[in-house]
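Inside the fold
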Amino acid sequence: MGKEVITGAEALMKSLIHHDVKTIFGYPGGSIMPVFDSLFDYGKEINHILVRHEQGAVHAAQGFARASGDVGVCLVTSGPGATNTITGIADAMIDSTPVVVIAGQVGVNFLGTDAFQEVDLVGITQPITKWSYQIRSAEDVPWAVARAFYIAKSGRPGPVVLDFAKNAQVEKALYKETKLDFIRSYVPVPDTDPQSIIDAAELINSAERPLILVGQGVELGNAQEELKQFIEKADIPAGCTLLGLSALPTEHPLNKGMLGMHGNLGPNINTNKCDVLIAVGMRFDDRVTGNLATYAPQAKVIHFDIDPSEIDKNVHADIAVLGDCKDTLTAVSKLLQSKKHKEWIDSFEDYEKVELEKVIRPELHPKSDSLSMGEVVRAVSDATNHQAILVTDVGQNQMMAARYFKYSQHRSIITSGGLGTMGFSLPAAIGATFGAPHRTVCSFMGDGGLQMNIQELGTIMEQKAPVKIIMLNNNFLGNVRQWQAMFFNRKYSFTPMLNPDYMKIASAYDIPSRRVMTREELKDAIAEMLATDGPYLLEACVIEEGNVLPMTPPGGSVNQMLLEC
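No experiment lies behind these values; they were computed from the predicted model shown. (Residues numbered from 1 in each chain as written. Predicted model: local features only at pLDDT ≥ 70, side-chain atom pairs only at ≥ 80, totals over all residues. Heavy atoms only, no water.)

**Re the packing of aromatic side chains**
Stated formally: Note on ring pairs: Phe, Tyr and Trp rings are taken, using the six-membered ring of Trp, and paired if centres are within 6.5 Å. Classes follow the plane angle, with under 30 degrees stacked, over 60 edge-to-face and the rest tilted. Counting from the N terminus, the helices are the DSSP runs of H or I reaching at least four residues and the strands are the DSSP runs of E reaching at least two. Throughout, exposure labels follow a simple rule: accessible area from a 1.4 Å probe, protein chains only, divided by the maximum for the residue type, with under 20% read as buried, over 50% as exposed, and the rest as partly exposed.
The tally for this structure, following the rule as stated, stands at 13 aromatic pairs. Note on Trp-344 and Phe-348: the rings are 5.4 Å apart at their centroids and 70° apart in plane angle, and the pair reads as edge-to-face. Placement of both Trp-344 and Phe-348 in helix α15 (residues 342–364) is noted, with a separation of 4 residues, approximately one turn of the helix. Take Trp-344 and Phe-348: they sit in the same class, and that class is buried.

**Some points on the packing of helix α1 (residues 8–18) against helix α2 (residues 33–40)**
The condition that has to hold: Note on method: axes are straight lines fitted to C-alpha atoms, helices fitted across the in-contact stretch only, with angles between N-to-C directions ranging 0 to 180 degrees. Should an angle fall under 35 degrees it is taken as roughly parallel, and over 145 as roughly antiparallel, whereas 65 to 115 is taken as roughly perpendicular and any remaining angle as oblique. Two helices that cross are described as forming a left-handed crossing if the nearer one is turned anticlockwise from the farther one by less than a right angle, and a right-handed crossing if clockwise. Contact criterion: two residues are considered in contact whenever any of their non-hydrogen atoms come within 4.5 Å of each other. Put simply, Ala, Val, Leu, Ile, Met, Phe, Trp, Tyr, Cys and Pro go in the nonpolar bin, Asp, Glu, Lys and Arg in the charged bin, and everything else, Gly too, in the polar bin.
Direction vectors running N to C along α1 and α2 enclose 55°, while the axes themselves pass 8 Å from each other. As the angle between them shows, α1 and α2 are arranged oblique. By crossing handedness, the relation of α1 to α2 is classed as right-handed. Contact with α1, carried on its side by Ala-9, Glu-10, Leu-12 and Met-13, involves Pro-34, Val-35, Ser-38 and Leu-39 of α2 and no other residues of that element. Residues that form the contact of α1 with α2 fall into these classes: 6 nonpolar, 1 polar and 1 charged.

**Focus: the pattern of salt bridges**
The following threshold applies: The term salt bridge refers to a pairing of a side-chain nitrogen on Lys or Arg with a carboxyl oxygen on Asp or Glu at a separation within 4 Å.
The final tally for this structure, using the stated rule, is 16 salt bridges. As a salt-bridge pair, Glu-310 and Arg-156 come within 2.8 Å of each other at their nearest N and O atoms. Of this pair, Glu-310 sits in the loop between β13 (300–305) and β14 (319–322) while Arg-156 sits in the loop between α7 (141–153) and β7 (160–165), and the two are 154 residues apart along the sequence. On the accessibility criterion, Glu-310 (5% relative accessible area) is buried. Among the residues examined, Arg-156 registers a relative accessible area of 23% and is labelled partly exposed. Across the salt bridge formed by Glu-528 and Arg-514, the nearest N and O atoms sit 3.1 Å from each other.

**Some words on the sheet that holds strand β12 (residues 276–280)**
Rule in force here: A pair of strands is labelled paired if DSSP reports no fewer than 2 bridges between them.
Spatial ordering of the open sheet is given by β11-β10-β9-β12-β13-β14, a layout of 6 strands whose pairing is parallel. Every other strand in the sheet has two partners, leaving β11 (255–258) and β14 as the edge strands with one partner each. Neighbour-to-neighbour, the strand axes of this sheet turn through a mean angle of 20°, independent of strand direction. As paired elements, strand β9 (residues 210–214) and strand β10 (residues 238–240) share 3 bridges and run parallel to each other. Residue pairing for β10: Val-214 is matched across the bridge by Cys-240. Against the sheet, helix α9 (residues 194–206) engages β12, β13 and β14, with an angle of about 130° to β14. The sheet contacts of helix α14 (residues 325–333) involve β12, β13 and β14, and relative to β13 the element is tilted by about 135°.

**As for the sheet that holds strand β3 (residues 47–50)**
If you walk across this open sheet you meet the 6 strands as β3-β2-β4-β5-β7-β6, and the pairing is parallel. Strands with a single pairing partner mark the edges of an open sheet, and in this sheet they are β3 and β6 (131–135). Pairwise comparison of adjacent strand axes, ignoring direction, gives a mean angle of 20° for this sheet. Sheet strands in contact with α2 are β2 (23–26), β3, β4 (72–76) and β7, and its direction is about 120° off that of β4.

Next up, the structure:
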């Protein structure tokens, strides 16, 4: 189908449509102008969202991808337009988010001459992409786009960059619809060793204190139901990584909470008490493991993963189960015995009681007249009946939101995990509203993070994107301030924030807003926010020196969590 002679720019439009792309995020400029000229003619088929900064374009594409499960796409120009995407590309790489970044480039005849807005984008992005390629001729467009989408989405997802030379945009060539499902030497899903399935099942069947660690790979592999069947059959308690929190409903009786530095007491301490540790689609990040030398030394480790490079990278796996976890979990489940581990599961309750008394109850019901971050988060979650998508920024707001939001649906948390990118939440939330238009999107951020990409309020204004912005304002760069308080003798070096009047800023962007300072007005303000069509900014003025607890101190062991500062 579809053989005709057209420009490279039009070939790009047709190729995107052929790959079911309906929404892209971008910002025009000189070296990508022929593509935007062609895009003008395809406005009914492709909805282009004009962001206010190219970093925002990539984060929006990430939010779209994480909410929808589809590939996010952004379109930018060369030079600074391209380099402004680097943070988002790196973020997508470490968090395994499928995005395709298409950037303009000077013509082939100008490459290497230091031409206006020329930059070696392929060279810059090769270390932080699954694939980075320069399109130098119009005839390469359908092939390059097909390859980009296949690589971005298959196996362990990630970002792909297409550097589109200007001459290739205007040249004409025969267009042929192209899709790929195979690339020689690229193995997105490794073969599963049948013996590893048998060995894993035997080890789990013999376990007295098994613990499963649930990573984002379960969400990426759409293996949520397979996970539930697995843990329910063998009666295995679960802890979830930050990015894996919504893979298992919060209220599931075997869900024992969040792993990591600011996770829940039970799953962290019992990591060092279990006899079999089962990791599924997670990479043993340092924020989860703490001190590797003291991490689960007593346990036999089973590691389910689609990426062979993760096996033994940080934690030695006694049994590695390679493959798509949707398939491998099913295969092992068939061999599992139906068991009960009542005494082991009951052991989590003691830690839950301690954490409830010393951390959770004081956070949700503070004695202070000032609002706490946790109580604001829980109030918003309750008001949405725990059905909303949580998008967080980075810092205390991120950890508090992750801890006190509740999840009842898949793909319900979007956050910058591996890179920890401040400014992520606002543009990512915009993307999420397009990726999951039927769901409420709650974007939590601090006063520092909002100002990192505050210009994207303009995108929200123009698109009327229904982002519910909840800013937890403590007039500090809160996470750094907490570390300064705990480990640097309370020397608050450049962490206090002199903030603008956010209500005036919201008004300038025609976004309804409200500032809340007392808990008496919190419930009504949240109800007003959720009842408002379109966007809303709720500024919650919270305790200035509140701390996120529990906390594993830097370099500490997972079973040495601090309950107070």
